[in-house]
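# Tertiary structure, described
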Amino acid sequence: KPTVQWLKDLGLDDAQVAKVIVSKPQVFGYSLENNLKPKMERLHEQGFAADRIVRIVSSFPPLLGLSAKRLESRMKVLEARDSLTDKTLVTVMLLTDAQFAARFS
């Protein structure tokens, strides 16, 4: 399947790919070109190295299903506060919009 191969090409090992598929089976319905690849490219542009992107995706597979707009806006807030790390990114992506606004407004 193209999605499985893409995850492997991203750098995930078989166990990490399995974790992504089990926790986010909807990943098979996401467009590689219009959804998944652009999100990973944005993380790379933001300075995340390939191994860090693998860590983020494997530790938080729901990231693949979140909107690119949400990812982008939250990364901008963290970057403005000089606190954009793997851990803070995953943490803020878990927050609801209301929780995020309360924490970062």
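Below: a short report on this structure.

## Quick word on the overall build of the protein chain
- Summing up its helical and strand segments, the protein chain has seven helices and zero strands in all.
- Of the regular secondary structure in the protein chain, the N- to C-terminal order runs α-α-α-α-α-α-α.
- Relative to the globule expectation of 13 Å for 105 residues, the C-alpha radius of gyration of the protein chain, 13 Å, shows essentially globular dimensions.
- When its C-alpha atoms are laid out on the principal axes, the protein chain stretches across 40 × 25 × 25 Å.

## Structural notes on helix 5 (residues 68-80)
- The terminal C-alpha atoms of helix 5, which comprises 13 residues, lie 18 Å apart, in line with the 18 Å expected from a rise of 1.5 Å per residue.
- All buried positions along helix 5 are accounted for by Leu71, Arg74, Met75 and Leu78. Angularly, the buried residues of helix 5 cover 105° about the axis, an arc narrow enough to put them on a single face. Of the exposed residues in helix 5, those oriented more than 90 degrees away from the buried face are Lys69 and Ala80.
- At its buried positions, helix 5 is contacted by helix 3 (32-45), helix 6 (86-94) and helix 7 (97-104).
- Among the residues trailing helix 5, Asp82 stands out with phi positive, at a value near 55°.

## Examining the pattern of salt bridges
- Throughout the structure, instances matching the rule amount to eight salt bridges.
- A salt bridge links Asp14 to Lys8; the nearest nitrogen and oxygen atoms lie 3.2 Å apart.
- A relative accessible area of 54% means that Asp14 is categorised as exposed.
- Residue class for Lys8 comes out partly exposed when judged on its relative accessible area of 36%.
- Residue Lys37 is joined to Glu33 by a salt bridge in which the shortest nitrogen-to-oxygen separation is 2.7 Å. Pair noted here: Lys37 and Glu33 are both in helix 3, with a separation of four residues, about one helical turn.
- What makes Glu33 exposed here is its relative accessible area of 52%.

## Observations regarding the packing of aromatic side chains
- The final tally for this structure, using the stated rule, is one aromatic pair.
- With a centroid separation of 4.9 Å and 35° between ring planes, the pair formed by Phe100 and Phe104 is classed as tilted. Taken together, the residues span about one helical turn, with Phe100 and Phe104 both in helix 7 at a distance of four residues. Accessibility classification places Phe100 together with Phe104 in one group, the buried group.
- Sitting over the ring of Phe28, Lys1 keeps its end group 5.4 Å from the ring centre.
- Positioned over the ring face of Phe100 is Arg74, at 4.4 Å from the centre of the ring.

Calculation criteria
Residues numbered from 1 in each chain as written. Predicted model: local features only at pLDDT ≥ 70, side-chain atom pairs only at ≥ 80, totals over all residues. Heavy atoms only, no water. Helix = DSSP H or I, 4+ residues; strand = E, 2+ residues; numbered from the N terminus. Rg over C-alpha atoms; globule rule 2.2 N^0.38 Å. Expected span 1.5 Å × (residues − 1). Buried < 20%, exposed > 50% of the residue type's maximum accessible area, 1.4 Å probe, protein only. Arc of directions from axis to C-beta. Contact = heavy atoms within 4.5 Å. Salt bridge = Lys/Arg side-chain N within 4 Å of Asp/Glu carboxyl O. Phe/Tyr/Trp six-rings, centres within 6.5 Å; stacked < 30°, edge-to-face > 60°. Lys NZ or Arg CZ within 6 Å of the ring centre and 35° of its normal.

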